[in-house]
Amino acid sequence: MDVNEIRCSGRAEHPLCLEGQTRLSALLEEVGSPCEPRLREGRPCAIGYVPRQLNLMPAGMPLWGYGADSRLVRDAVLTFDLKDLGERLGRSLAPAGLDAPRLRFADDRLWTLMRLLAEAVDDDDPAAQLYGDGLIAAIFAMLGSRRGERPSTRKGLAPWQLRRVLDYLESRLPERVELAELAALVDLSQAHFSRAFKASTGVAPYQWQLRARLQRAQAMMLTTSVALERVAEATGFADAVHFGKAFRRAHGTTPARWRQDRKR
């Protein structure tokens, strides 16, 4: 995924990059006149303005961007390979829905997933890897799904599968772990694994990993007197501030207060 921010003024029309790859783009923010995707230079888009627009372009097809008086444009562009995605999702993506351009279409759930992924792109937290992998699986499961198709019954992991995955996650704390690694442990596609893991544990893989890191941090605070900076470092957080924010979201108090209350 590439996240782009362009500041400009006046009329602008230019070819958009990544023509050689299939790509899905989401318009995250715009100030000034609405942005317009065009299949040909100088030829207006036949589809009217749509807020939070999404554009899907197959590989080999150029796309132009136009703005009558845009001041700020911020978008996220996700490039992908259909064959690779089919293997990751454990099913063939219907080419009929992905080999033709779709301009200015709206899907609030898909747009939200793209925004969340854009926000996670530069996150150095180890949990961001599983979080991003999960978002990507959700994006393409949604993009490749057939309308009107009933979702299949979702079953959890077998006990041996869950034990193997949890043991692996525990052994890798607080390192960055990819969803593909976990899915391969139990011979499942990433999409199938994500659904089954959540059915078994009630949380997504990245949430389980973050919870385990916070539990390890709690154990360190209870059994040692090391500074919070050391606790943060040992459990994979960027610094004490990052650790404090994650801890407060999960427990409703700061690490220092939590530790103090339990030493009384």
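Cut-offs applied
Residues numbered from 1 in each chain as written. Predicted model: local features only at pLDDT ≥ 70, side-chain atom pairs only at ≥ 80, totals over all residues. Heavy atoms only, no water. Helix = DSSP H or I, 4+ residues; strand = E, 2+ residues; numbered from the N terminus. Buried < 20%, exposed > 50% of the residue type's maximum accessible area, 1.4 Å probe, protein only. Areas by Shrake-Rupley, 256 points an atom, 1.4 Å probe, with all protein chains shown as cover. Pairing = 2+ DSSP bridges. Axes fitted to C-alpha atoms, helices over the stretch in contact; angles between N-to-C directions. Polar contact = N/O pair within 3.5 Å; in protein donor to acceptor, adjacent residues only side chain to side chain. Phe/Tyr/Trp six-rings, centres within 6.5 Å; stacked < 30°, edge-to-face > 60°. Salt bridge = Lys/Arg side-chain N within 4 Å of Asp/Glu carboxyl O.

Draft legend 1. Examining the overall build of the protein chain more closely. Tallying secondary structure elements over the protein chain gives 11 helices and eight strands in all. The burial tally for the protein chain puts 40% of its 264 residues in the buried class. In the form shown here, the protein chain has an accessible surface area of approximately 14,600 Å², with 49% of it arising from carbon and sulfur atoms.

Draft legend 2. Representation of the sheet that holds strand β8 (residues 102–105) within the structure. One open sheet accounts for five strands, arranged β1-β7-β3-β5-β8; its pairing is antiparallel. Where the open sheet ends on each side, the last strands, each with one partner, are β1 (2–7) and β8. Neighbouring strand axes in the sheet, compared pairwise and without regard to direction, differ in orientation by 15° on average. Pairing geometry for strand β3 (residues 22–32) and strand β7 (residues 70–80), over 10 bridges, is antiparallel.

Draft legend 3. Up close: unusual backbone geometry. A cis amide bond links Leu 173 to the next residue, Pro 174, at an omega of 0°. Along the chain, Pro 174 turns up in the loop between α5 (159–172) and α6 (179–185). Phi angles above zero are rare outside glycine, and Arg 52 is one such case at about 55°. Using a relative accessible area of 43% as the deciding quantity, one classes Arg 52 as partly exposed. Positive phi outside glycine occurs at Asp 187, with the angle close to 60°. Residue placement: Asp 187 occurs in the loop between α6 and α7 (190–201). Classification of Asp 187 as exposed rests on a relative accessible area of 72%.

Draft legend 4. Spotlight on the environment of Asp 239. Following the sequence through the fold, Asp 239 ends up in the loop between α9 (228–234) and α10 (240–251). Exposure remark for Asp 239: the relative accessible area of 39% places this residue in the partly exposed category. Spatially, the C-alpha atoms of Asp 239 and Asp 75 are 29 Å apart, while their sequence positions differ by 164 residues. A distance of 3.1 Å separates a polar atom in the side chain of Asp 239 from the backbone nitrogen of Val 241.

Draft legend 5. Expanded view of the packing of aromatic side chains. Using the criterion set out here, one finds six aromatic pairs in the structure. Both rings, one in Phe 247 and one in Trp 258, keep their centres 5.9 Å apart while their planes meet at 75°; by these two values the pair is edge-to-face. Placement of the pair is Phe 247 in helix α10 and Trp 258 in helix α11 (residues 255–261), with a sequence separation of 11 residues. For Phe 247, a relative accessible area of 0% puts it in the buried group. Owing to a relative accessible area of 8%, Trp 258 belongs among the buried residues under this scheme. A connected cluster of aromatic rings, assembled from ring pairs, spans Phe 237, Phe 243, Phe 247 and Trp 258.

Draft legend 6. Structural detail: the pattern of salt bridges. All told, the structure shown has 10 salt bridges when counted by the stated rule. A salt bridge links Glu 13 to Arg 11; the nearest nitrogen and oxygen atoms lie 3.5 Å apart. The partner of Arg 71 in a salt bridge is Asp 69, with the nearest N and O atoms 3.0 Å apart. Salt bridges sharing common partners tie together Arg 11, Glu 13, Glu 36 and Arg 38.

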